[in-house]
Every structure is written in C-alpha cells, then in structure tokens.
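Report on the structure
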Amino acid sequence: MPDIFLCNTKELNDDIIQCIHQIARLAKENHVVLEYNIEGLRDHVRGRIWPNGTTTGYPRKEFWEIIATYNIPVILGSDVHDPNGLNDEVTKQAYLNCKELNLNLIDYIDLV
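Residues numbered from 1 in each chain as written. Predicted model: local features only at pLDDT ≥ 70, side-chain atom pairs only at ≥ 80, totals over all residues. Heavy atoms only, no water.

Where helix α2 (residues 39-46) contacts helix α4 (residues 89-100), the two axes come as close as 9 Å, and the packing angle between them is 120°. With respect to each other, α2 and α4 are oriented oblique. Helix-helix and strand crossings are classified by hand; for α2 and α4 the assignment is right-handed. Two secondary-structure elements touch here, α2 through Leu-41, Arg-42 and Val-45 and α4 through Val-90, Thr-91, Ala-94 and Asn-97. (Axes fitted to C-alpha atoms, helices over the stretch in contact; angles between N-to-C directions. Helix = DSSP H or I, 4+ residues; strand = E, 2+ residues; numbered from the N terminus. Parallel < 35°, antiparallel > 145°, perpendicular 65-115°, else oblique. Left-handed = near helix turned anticlockwise from the far one by under 90°. Contact = heavy atoms within 4.5 Å.)

Dropping the structure here:
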C-alpha cells in the first residue's frame, strides 16, 4: 500500500504530489506492481478516524489518479483479516474504484 503515508495528511501539497510522481516513476522504471489495498476501505466503512482526522486513510483517490497516468500495473490487495472479506461488498467497490480511476489493474503477477 504505497499510499499509506497519506493517512497523516488531509490535503496534498506540492511536495507530496512530487513524492507521488517519484513513487510512480520509480515503480515504472523498476517494473514494480503497486498494491491498491482494500483494508483501508473497510476501515472507512467502519468509521475509523485516521491521524489526518478523516475516515479516509488509504487508498487515497488523489494518489491513484496520479498513478493511473503512468500506466503502472496495479493489483488489488484484499488484506483480509477474516475469510468473509475475500469477496465482500468492499472488495467489489474497490474493483469498481480501480476501473473508474482507469488503473492498469492486473489479476496475477508472473514471478518467472
């Protein structure tokens, strides 16, 4: 979950935006698959308050909008702490979010 660092900030400033671009460039150059972690959405549904004072710690839409412009492979990470979460409504919403953001969503990683 490369956007976890944003759980400490409410609004993105120029330095943070440049950091996101740097993460994107390095991921692209090094063929790194990024994880869109779903557990943060579950926390949002449960009403968890993050250090930034909101219920949105991660995934952060602003982060993923920038990532989408780089066409970096992204995989959904279900981060399931309970087997019932393997294909729950939050997982389905995360998939729709990724499609809406036009992320380069992949469903496997070829390790060979």
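A few words on the sheet that holds strand β2 (residues 73-77). Reading across from one edge, β1-β2-β3 is the order of the three strands in this open sheet, with parallel pairing throughout. Edge positions in the sheet fall to β1 (34-37) and β3 (104-106), since each has one partner strand and no second. Across the sheet, the mean angle from the axis of one strand to that of its neighbour is 45°, orientation sign disregarded. As paired strands, β1 and β2 are joined by four bridges and run parallel to one another. In the strand pairing of β2, Glu-35 is matched with Ile-75. (Pairing = 2+ DSSP bridges.)

Let us look at unusual backbone geometry. Residue Pro-59 follows Tyr-58 across a cis peptide bond; omega there is -10°. With respect to the helices and strands, Pro-59 occurs in the loop between α2 and α3 (61-68). You will see that Asn-102, though not glycine, has its phi angle at about 60°, which is positive. Here Asn-102 lies in the loop between α4 and β3. For Asn-102, a relative accessible area of 61% gives the class exposed. (Buried < 20%, exposed > 50% of the residue type's maximum accessible area, 1.4 Å probe, protein only.)

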